[in-house]
Amino acid sequence: MAGHSKWANIKHRKAAQDAQRGKIFTKLIRELVTAAKIGGGDVAANPRLRAAVDKALASNMTRDTINRAIDRGVGGGDDTNMETRIYEGYGPGGTAVMVECLSDNANRTISQVRPSFTKCGGNLGTEGSVGYLFSKKGLIIILDADEDALTEAAIEAGAEDIQPQDDGSFEIYTAWEELGTVRDGIEAAGFKIENAEVSMIPSTSVDLDVETAPKLLRLIDMLEDCDDVQNVYHNGEISDEVAASLE
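Residues numbered from 1 in each chain as written. Predicted model: local features only at pLDDT ≥ 70, side-chain atom pairs only at ≥ 80, totals over all residues. Heavy atoms only, no water.

In the nomenclature of an unreviewed UniProt entry, the protein is known as Probable transcriptional regulatory protein EV697_10358 of Bisgaardia hudsonensis. What UniProt records for the protein under Subcellular location (unreviewed entry) is the sentence "Cytoplasm". (UniProt positions renumbered as here; feature names shortened; annotations may be inferred.)

Structural data, given as structure tokens:
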């Protein structure tokens, strides 16, 4: 995890997910079914489903598997009543942590989430305790491009902001509902997208040292290992120097 780039966090998460492909597929299918059940099976008219499909494809899930999950949601073949639950808390070093879960049993979910915070030197907070620090956005990562041309294409596609990073990459922010449309526009302009996802973007960050950084990474890994946890968001930052010392 390097610098102050969102891509660094995404790479870390993807590496962890690659090690447990079966579990992440189960979570992706759960989201596909729920999104289709709530908003219908038309990807173009259902931003949540479009985001779920894009995420599944990025994880190398086959189209057949995706379509079967959507059909289950639309056709009512899955009678499990899944609800999105957001838990907020404080991680090591005073970091703010948001945990997005999809669950049919709140008691089971909280029994998974709470001990993870406790074991890693954090604590679960009340609703609203850290949520005000985050905004739901679409995030697109471009690793290499001509800045002027990319900026023009992103604005034309409907992006809200584009931020060049120290490593030469670009972070493009959109309204979360418009992520699919903006992604399509940028790709149509000839740019290669490395990653595109709906995320919770923090307004402030906390720099972590060599003692607190491993504790936050452990917390993230423990939470993502919980069956009901779909996504973990935080405002911790790990510098190049600290990251190098952890290798």
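K.L.:
Could you give an account of unusual backbone geometry, naming the residues involved and the relevant values?
P.N.:
Backbone geometry at N60 places phi at a positive 70°, although glycine is not the residue there. Here N60 lies in the loop between α3 (47–58) and α4 (63–75). (Helix = DSSP H or I, 4+ residues; strand = E, 2+ residues; numbered from the N terminus.)

K.L.:
Run through the sheet that holds strand β6 (residues 170–175), naming residues and quoting values.
P.N.:
The pairing of strands in a sheet comes from backbone hydrogen bonds and takes either a parallel or an antiparallel form. Here we have four strands laid out as an open sheet, ordered β5-β6-β4-β7, and antiparallel in their pairing. Two strands lie at the open edges of the sheet, namely β5 (161–164) and β7 (195–202), each paired on one side alone. For this sheet, the mean inter-axis angle between neighbouring strands, taken without regard to orientation, is 30°. In terms of strand pairing, strand β4 (residues 134–142) meets β6 through six bridges, oriented antiparallel. Looking at the pairing, I140 lines up with I172 of β6. (Pairing = 2+ DSSP bridges. Axes fitted to C-alpha atoms, helices over the stretch in contact; angles between N-to-C directions.)

K.L.:
Lay out the confidence of the model for the protein with the relevant residues and their values.
P.N.:
Confidence along the protein averages 88 in pLDDT terms, with 89% of residues attaining 70 or more. Per-element averaging of pLDDT across the protein places helix α1 (residues 6–18) at the bottom with 62 and helix α6 (residues 147–157) at the top with 96. (pLDDT = per-residue confidence, 0-100.)

K.L.:
Now, about a negative patch on the surface: what can you tell me, with residues and values included?
P.N.:
Negative charge collects at one region of the surface, where D146, E147, D148, E152 and E156 lie side by side. Counting through the fold element by element, D146 comes out in the loop between β4 and α6. Relative accessible area serves as the criterion here: at 49%, D146 is assigned to the partly exposed category. (Patch = residues over 30% accessible without salt bridge, like charges linked within 9 Å, V, L, I, M, F, W, Y side chains within 5 Å. Areas by Shrake-Rupley, 256 points an atom, 1.4 Å probe, with all protein chains shown as cover. Salt bridge = Lys/Arg side-chain N within 4 Å of Asp/Glu carboxyl O. Lys, Arg positive; Asp, Glu negative; His and termini not counted. Charge placed at Lys NZ, Arg CZ, Asp CG, Glu CD. Buried < 20%, exposed > 50% of the residue type's maximum accessible area, 1.4 Å probe, protein only.)

K.L.:
Residue-level account of the nonpolar core, with values.
P.N.:
Ranked by size, the top nonpolar core spans 23 residues in total, and within it V97, V99, V113, F117 and L223 carry the most contacts. Here this core gets six residues from one element, more than from any other, and that element is helix α8 (residues 212–224). Setting aside residues up to four positions removed in sequence, F117 forms contacts with G89, Y90, V97, V99, G122, N123, L124, L219 and L223. By size, the runner-up hydrophobic cluster in this structure holds 18 residues, among which are I140, A154, A196 and V198. (Core = buried A, V, L, I, M, F, W, Y, C linked by side-chain atoms within 4.5 Å. Contact = heavy atoms within 4.5 Å.)

K.L.:
Describe in detail the packing of α6 against helix α7 (residues 179–188), supporting the description with residues and values.
P.N.:
A pair of packed helices can be characterised by two numbers: the angle between their axes and the separation between those axes. Close contact between α6 and α7 brings their axes to 8 Å; oriented N to C, the two are set at 140°. Classified by the angle between their axes, α6 and α7 sit oblique to one another. Regarding α6 and α7, the two cross each other, and that crossing is right-handed. Of the residues in α7, those in contact with L150, A154 and A157 of α6 are T181, V182, G185 and I186. Residue composition of the contact of α6 with α7, grouped by class: five nonpolar, two polar and no charged. (Parallel < 35°, antiparallel > 145°, perpendicular 65-115°, else oblique. Left-handed = near helix turned anticlockwise from the far one by under 90°. Nonpolar A, V, L, I, M, F, W, Y, C, P; charged D, E, K, R; others polar.)

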